[in-house]
Amino acid sequence: MRKTERYPVQGKNSLYQIYTTVPFWKVAKNFMAIQIARYTPFLPVKNWMYRTFLGMKVGEDTAVALMVMMDIMFPERITIGRNSVIGYNTTILAHEYLISEYRLGDVHIGDEVMIGANSTILPGVSIGDGAIVSAGTLVHKDVPAGAFVGGNPMQMIYTKEEREGREREKS
């Protein structure tokens, strides 16, 4: 189960009421910083931008590929650990706007996590240290440390123990 806070709205859908939930100038600033970072090929500069302008926590030696889309409204709710890889065109969300409510949730990505290209990470999930998320995965629930997951909807492919056993067999 994802860990999100729920905020009901009245009348128009929650996205239509966006600027009652987050200031316009915050969204404008975040939009500019995220768009520049999406095309920046220099990883240390990109990580500095995420930390400085978006308030994200990004660990040392983490590589965020080109075109990754961070949450534009609440990027400060995203934490990425040390020495992780976030694949090309991945989207990491800390919010979701629905018809009668909006939800916010922290996203925690552990150390040495590999997230494949074109994945989507929904708000309120944690991805444990050493986990692997295959390309094109919709991460809609927590991923245990060391697990290998994939698909839409996400499914467990190998647990940490199964992965370790397969790696021992190879050597």
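Reading the values: the criteria
Residues numbered from 1 in each chain as written. Predicted model: local features only at pLDDT ≥ 70, side-chain atom pairs only at ≥ 80, totals over all residues. Heavy atoms only, no water. Pairing = 2+ DSSP bridges. Helix = DSSP H or I, 4+ residues; strand = E, 2+ residues; numbered from the N terminus. Phe/Tyr/Trp six-rings, centres within 6.5 Å; stacked < 30°, edge-to-face > 60°. Buried < 20%, exposed > 50% of the residue type's maximum accessible area, 1.4 Å probe, protein only. Lys, Arg positive; Asp, Glu negative; His and termini not counted. Salt bridge = Lys/Arg side-chain N within 4 Å of Asp/Glu carboxyl O. Polar contact = N/O pair within 3.5 Å; in protein donor to acceptor, adjacent residues only side chain to side chain. Contact = heavy atoms within 4.5 Å. Axes fitted to C-alpha atoms, helices over the stretch in contact; angles between N-to-C directions. Patch = residues over 30% accessible without salt bridge, like charges linked within 9 Å, V, L, I, M, F, W, Y side chains within 5 Å. Areas by Shrake-Rupley, 256 points an atom, 1.4 Å probe, with all protein chains shown as cover. Parallel < 35°, antiparallel > 145°, perpendicular 65-115°, else oblique. Nonpolar A, V, L, I, M, F, W, Y, C, P; charged D, E, K, R; others polar.

- The chain has the name Acetyltransferase (Isoleucine patch superfamily) in an unreviewed UniProt entry, where Fictibacillus solisalsi is given as its organism.

Some remarks on the sheet that holds strand β10 (residues 107–109)
Argument step 1. Read from one edge of the open sheet, 4 strands run β2-β5-β10-β13, paired in parallel fashion. Where the open sheet ends on each side, the last strands, each with one partner, are β2 (57–58) and β13 (126–127).
Argument step 2. Bridge count for β2 against strand β5 (residues 78–80) is 2 bridges, and the pairing is parallel. The partner of K57 across the bridge, within β5, is T79.

Looking at the packing of aromatic side chains
Argument step 1. All told, the structure shown has 6 aromatic pairs when counted by the stated rule.
Argument step 2. An aromatic cluster is present here, built from Y7, Y97 and Y102 joined pairwise through their rings.

A few points about unusual backbone geometry
Argument step 1. Residue P153 is reached from N152 by a cis peptide bond, and omega for that bond is 5°.
Argument step 2. Topologically, P153 is positioned in the loop between β16 (148–150) and β17 (155–158).
Argument step 3. Phi angles above zero are rare outside glycine, and M67 is one such case at about 70°.
Argument step 4. For M67, the position within the fold is in the loop between β3 (63–64) and β4 (69–70).

What about the pairing of strand β9 (residues 101–104)?
Argument step 1. The side-chain alternation of β9 yields two buried faces, one formed by E101 and R103 and the other by Y102 and L104.
Argument step 2. Both strand β1 (residues 5–8) and β9 contribute to a ladder of 4 bridges, which runs antiparallel. Across the sheet, residue Y7 finds its bridge partner in β9, namely Y102.
Argument step 3. In this structure, the hairpin formed by strand β8 (residues 95–97) and β9 is closed by a connection of 3 residues.

Quick notes on the environment of F42
Argument step 1. Inspection of the secondary structure assignment puts F42 in the loop between α2 (24–39) and α3 (43–54).
Argument step 2. Residues F42 and A63, 21 residues apart in the sequence, show an inter-C-alpha distance of 9.5 Å.

Focus: the side chain of K46
Argument step 1. Among the structural elements, K46 can be located in helix α3.
Argument step 2. No salt bridge is formed by the buried K46, whose closest oppositely charged neighbour, D61, lies at an N-O distance of 15 Å.
Argument step 3. Separated by 3.2 Å, the side chain of K46 and the backbone oxygen of A65 make a polar contact.
Argument step 4. Beyond its immediate chain neighbours, meaning those up to four positions away, K46 contacts A37, R38, T40, V64, A65 and L66.

Comments concerning the sheet that holds β9
Argument step 1. The antiparallel open sheet is built from 3 strands, whose spatial order is β1-β9-β8. A single partner strand is all that each edge strand has here, and the edge strands are β1 and β8. Here the strands of the sheet are splayed against their neighbours by 15° on average, with no regard to which way each runs.
Argument step 2. Both β8 and β9 contribute to a ladder of 3 bridges, which runs antiparallel. Bridge pairing in β9 places E96 opposite R103.

Overview of a nonpolar patch on the surface
Argument step 1. Taken together, the side chains of F42, V45, W48 and F53 define a hydrophobic patch exposed on the protein surface, amounting to about 420 Å² of accessible area.
Argument step 2. Along the chain, F53 turns up in helix α3.

Examining the packing of α2 against α3
Argument step 1. With their axes 10 Å apart at the nearest point, α2 and α3 run at an angle of 175° to one another. Taken together, the axis directions place α2 and α3 in an arrangement best described as roughly antiparallel. In this structure, α2 uses K29, N30, A33, I34, I36, A37 and R38 to contact α3, whose residues at the interface are K46, M49, Y50, F53 and L54.
Argument step 2. Considering only residue class, the contact of α2 with α3 consists of 8 nonpolar, 1 polar and 3 charged.

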